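Working through the structure, step by step
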Amino acid sequence: MTNTYSSFYMPARVRIGEGAVASCAGEIASLGRRCLILTGGPSAKNCGALGDLERTLGECGISYSVFEGIKNNPPIESCIAAGRDAADFGADFIAGVGGGSVLDAAKAAAIAAANPGADEAYLYSKKWEHSPLPILLVGTTAGTGSEVTAVSVLTDSHGRKKSINDPRIFASLSIGDPHYTASMPRTLTLTTAVDALSHCLESYFSRKGNLFSHDFAMRGINLILRPLEKIAFGGELDALDRTCLYEGSIFGGLAISVTGTCFPHNVGYYLTEKYGVPHGFACAFFLPEYCRHSAEAEPGLAEALYRFTGLNYERLEKLVCAILPDAPILTESEIDGVLPRWENNSTVNNSPGYVGTDYIKSLLMKFTN
Ligand code: NAP
Ligand code: FE
């Protein structure tokens, strides 16, 4: 069904380009006088982002402390611990420097810091007494688009990936410098780029699609597709390719900030939780079928997509086959056991066409021997 109105709300201030962190000193200073910075492992420092932020904070006279060790698919407990540290430090704002996992953790830590005693149930309830602290994000991968979404994807205490989706966790300021992504190894570049492509494609065909999301998605695909094909088929990326991938990931984030994601993301979460498949690859296992299924349901959208981006099922299938790792092996009884999680699942139901649990089962049966 076509929506009658097209709406778009994305209140984060965003600045992208070479040297962007240093150029944002004024905006950063307006966030407060004390900052807790979240990072993952050594990449934040090695890619230059952490040093740039520390230098700029120092020049602005802002005191800071660094909370290291946020893991991929961030466990909610570590976000709560970071929030507690931020409160103890008297932080006025939280910064996240890293990939999507660190950016999402920073959003959750900002909620916890503003609400002393917050536990997992409180964070997910969204009934927060105080608004989250202001959030500053510096992305170092080119994939999630978390810089411009109101989403924090966390791992709950049962090991399930579960999101907090709330406009109060839009960043106050998101800064992107595509140079930071140059240190990403090939596999990380592939999995993050295909995550960004998934955002664009899932959003494009989503039942919630509108004027804005369609344009964001097609713009993102046009930026991502060629560099992704280049590296997938054995080429080396140059600085312009990296810039295109980073900018494409932001357009993907804008697209899903309108529509949310669809079944490749939600079913892919299971492969990450149970088998440790990196997030982008986990979605990509389902992406060609999503494209085929959606084109059948929405042939007009598929035709427009092909006309404006050159992307169709065949091209996508070839690309995805070139980059995916070996698939995990599932059993039918395991699949039957997990199927209930996709009953009346709102993300799955965003997908066009029929997506009942028998359809989801048919997707997962391809992973059996
Ligand atoms: P990630 O999970 O953040 O992992 C990043 C990994 O890459 C870390 O091991 C990190 O190393 C390394 N790394 C980061 N930047 C690097 C650089 N510039 N050079 C070299 N290595 C670098 O990866 P991601 O794909 O960006 O994020 C995925 C997460 O975001 C998932 O949890 C996913 O569900 C979520 N997500 C969120 C949204 C949203 O809207 N919020 C959308 C889609 C996905 P270190 O060990 O040094 O830290
Ligand atoms: Fe994603």
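Summary of the structure given here. All values derive from a computational prediction rather than experimental measurement.

Reading the values: the criteria
Chains are numbered independently. Their residues run from 1 in the order of the written sequence. Just so you know, chain letters begin at A and ligand numbers begin at 1, following the order they were written in. Only residues with pLDDT of 70 or above have their local features reported here, since the model is predicted, and side-chain atom pairs are shown and tallied only from 80 upward, although totals for entire chains, interfaces and linings are computed over all residues. Only heavy atoms go into the side-chain values, all of them from the structure, while hydrogens and water stay out. For helices the rule is a DSSP run of H or I covering at least 4 residues; for strands it is a run of E covering at least 2, with both sets numbered from the N terminus onward. For the radius of gyration, the atoms used are the C-alpha atoms, and the globule rule reads 2.2 Å times the number of residues raised to 0.38. Burial classification: accessible surface area is computed with a 1.4 Å probe over protein chains only, and a residue below 20% of its type maximum counts as buried, one above 50% as exposed, and the rest as partly exposed. When checking whether two residues touch, look at their non-hydrogen atoms; a contact exists if any pair is within 4.5 Å. Neither His nor the chain ends contribute to the count of charged residues, in which Lys and Arg are positive and Asp and Glu negative. To locate a charge, take atom NZ for lysine, CZ for arginine, CG for aspartate or CD for glutamate. Here a residue is considered near a molecule or strand provided that any single heavy atom belonging to it is located within 4 Å of it. Nitrogen and oxygen atoms within 3.5 Å of one another constitute a polar contact, given that in protein one can donate a hydrogen and the other can accept it, and given that sequence-neighbouring residues count only through two side-chain atoms. The accessible surface values rely on the Shrake-Rupley method and a 1.4 Å probe; as for residues, cover is taken only from the protein chains in view. Each metal's donors are the N, O and S atoms within 2.8 Å of it, or within 3.2 Å when it is Na, K or Ca, and because water is not part of the set, sites may look incomplete. Every geometry call rests on angle ranges, with four donors termed tetrahedral when all angles are between 85 and 135 degrees, four termed square planar and six termed octahedral when opposite donors are over 155 degrees apart and all others are between 65 and 115, and everything else termed irregular. In this analysis an axis means a line fitted to C-alpha atoms, helices contributing only their contacting stretch, and an angle means the value between N-to-C directions, from 0 to 180 degrees. Roughly parallel means an angle under 35 degrees; roughly antiparallel, over 145; roughly perpendicular, 65 to 115; everything else is oblique. By definition, any crossing whose near helix is turned counterclockwise from its far helix by less than a right angle is left-handed, and any crossing with a clockwise turn is right-handed. When residue character is reported, Ala, Val, Leu, Ile, Met, Phe, Trp, Tyr, Cys and Pro are called nonpolar, Asp, Glu, Lys and Arg charged, and the others, Gly included, polar. Whether a set of points on the 1 Å grid over the protein atoms alone is a cavity depends on a 1.4 Å probe fitting there but being unable to get out, while an open set qualifies as a pocket with protein on both sides within 12 Å along at least five of seven lines; lining residues are those with an atom within 4 Å of a point. Grid points are joined across faces, edges and corners, and a volume is the space filled by probe spheres set on the points. For two strands to count as paired, DSSP must find a minimum of two bridges between them. Note on disulfides: each one is a pair of cysteine sulfur atoms within 2.5 Å. By convention a nonpolar core is built from buried Ala, Val, Leu, Ile, Met, Phe, Trp, Tyr and Cys residues, the set being connected through side-chain atoms within 4.5 Å. Salt bridge criterion: a side-chain nitrogen from Lys or Arg within 4 Å of a carboxyl oxygen from Asp or Glu. Aromatic rings from Phe, Tyr and Trp, with only the six-membered ring used for Trp, were paired whenever their centres fell within 6.5 Å, and each pair was classed as stacked if the ring planes differed by under 30 degrees, edge-to-face if by over 60, and tilted otherwise. In this analysis the charged atom, NZ for Lys or CZ for Arg, is taken to sit over a ring once it is within 6 Å of the ring centre and within 35 degrees of the ring normal.

A word on the overall build of the chain. The helix and strand tally for the chain stands at 18 helices and 8 strands. Relative to a compact globule of 369 residues, whose C-alpha radius of gyration would be 21 Å, the chain shows 20 Å and is just as compact. With the C-alpha coordinates aligned to their principal axes, the bounding extent of the chain is approximately 55 × 45 × 45 Å. Looking at the 369 residues of the chain, the share that counts as buried comes to 56%. Considering only contacts within the chain whose residues lie at least 6 apart along the sequence, 80% involve residues at least 24 apart. The averaged location of the 39 negative side-chain charges in the chain is 2 Å from the averaged location of its 30 positive side-chain charges.

Before going further, it helps to examine the site of ligand 1. Around ligand 1, a shell composed of 28 residues is seen, among which Gly 41, Ser 43, Ser 101, Thr 141 and Thr 149 lie nearest. Pro 42 places a polar main-chain atom, nitrogen or oxygen, 3.1 Å from an oxygen atom of ligand 1. In the model, a nitrogen atom of ligand 1 is placed 2.8 Å from a nitrogen or oxygen of the Asp 104 side chain. Surface burial for ligand 1 is 87%, taken as the share of its 950 Å² of free accessible area covered by protein chains. Only helix H6 (100-114), strand E6 (151-155) and helix H8 (186-205) provide two or more residues apiece to the shell around ligand 1.

Turning to the coordination of the iron ion (ligand 2), a few remarks are in order. In the first shell of the iron ion (ligand 2), the protein supplies Asp 195 (OD), His 199 (NE2), His 265 (NE2) and His 279 (NE2), at 2.1 to 2.2 Å from the metal. If you look at the iron ion (ligand 2), its 4 donor atoms make angles of 81 to 169° with each other, and the shape they trace is irregular. What makes His 199 buried here is its relative accessible area of 3%.

What follows deals with the packing of H8 against helix H13 (residues 287-297). Two elements in contact, H8 and H13, have axes separated by 10 Å at closest approach and are oriented at 20°. One finds that H8 runs roughly parallel with respect to H13. Between H8 and H13 lies a crossing of left-handed hand. Where H8 approaches H13, its residues Ser 198, Leu 201, Glu 202 and Phe 205 are matched on the opposing element by Leu 287, Tyr 290, Cys 291, Ser 294 and Ala 295. Residues of the contact of H8 with H13, tallied by class, amount to 6 nonpolar, 2 polar and 1 charged.

A few words on the layout of surface pockets. Taken as a whole, the second largest pocket holds about 300 Å³ of empty space. Forming the boundary of the second largest pocket are 15 residues, of which Phe 285, Phe 286, Pro 288, Glu 317 and Lys 366 lie nearest the centre. Listing elements by their share of the lining of the second largest pocket, those giving two or more residues are H13 and helix H15 (313-323). Here the lining of the second largest pocket takes 4 residues from H15, the largest share from any one element. The residue makeup of the lining of the second largest pocket, split by class, is 11 nonpolar, no polar and 4 charged.

Read from one edge to the other, the open sheet built from 6 strands follows the order E1-E8-E5-E4-E2-E3, with strand pairing classed as parallel. What marks the edges here is a single partner per strand, and that holds for strand E1 (13-16) and strand E3 (63-67). For this sheet, the mean angle separating the axes of adjacent strands, direction not counted, is 15°. In this sheet, strand E4 (residues 93-98) lies alongside strand E2 (residues 34-38) in parallel orientation, the contact comprising 4 bridges. The residue of E4 that forms the bridge with Leu 38 is Gly 96.

Another aspect to go through is the state of the cysteines. All chains considered together, the criterion is met by 0 disulfides. Of all cysteine sulfurs in the structure, the one in Cys 35 sits closest to Cys 79, which takes part in no disulfide; the separation is 16 Å.

Looking now at the nonpolar core. Among the nonpolar cores identified, the biggest contains 99 residues, and Leu 38, Phe 263 and Ile 360 are the most heavily contacted of them. The biggest single contributor to this core is H6, with 11 residues. With residues near it in sequence (within four places) discarded, Leu 38 still touches Phe 67, Ile 70, Ala 82, Ile 94, Ala 95, Gly 96, Val 97, Val 102, Ala 105, Ala 106 and Ala 109.

What follows concerns the pattern of salt bridges. In the structure shown here, the tally under the stated rule is 14 salt bridges. A salt bridge links Glu 303 to Arg 307, with the shortest nitrogen-to-oxygen separation between them at 3.5 Å. Placement of the pair is Glu 303 and Arg 307 together in helix H14 (residues 299-309), with a separation of 4 residues, close to one helical turn. Just as Glu 303 is exposed, Arg 307 falls in that class too. Salt-bridge contacts for Asp 336 lead to Lys 361; the nearest nitrogen and oxygen are separated by 2.8 Å. Of the two residues, Asp 336 is situated in helix H16 (residues 332-338) and Lys 361 in helix H18 (residues 357-365); the sequence distance between them amounts to 25 residues.

Attention now goes to the packing of aromatic side chains. Think of a pair of aromatic rings as described by two things: how far the centres are apart, and how the planes are tilted against each other in angle. Taken as a whole and assessed by the stated rule, the structure comprises 12 aromatic pairs. Taking the centre distance of 5.1 Å and the plane angle of 80° together, the rings of Tyr 204 and Phe 205 count as edge-to-face. Judged by centre distance (5.3 Å) and plane angle (80°), the rings of Phe 263 and Tyr 290 are edge-to-face. Residue Phe 263 is found in helix H11 (residues 263-275), and its partner Tyr 290 is found in helix H13; the two are separated by 27 residues along the sequence. In this structure Phe 263 comes out as buried when scored by relative accessible area, which is 0%. In textbook terms, an aromatic cluster arises when at least three aromatic residues are bridged by ring pairs, as seen for Tyr 204, Phe 205, Phe 263, Tyr 290 and Tyr 359. A cation over a ring is seen here: Arg 34 above Phe 89, with NZ or CZ 4.2 Å from the ring centre. It is Lys 318 that lies over the ring of Phe 233; its NZ or CZ is 5.7 Å from the centre.

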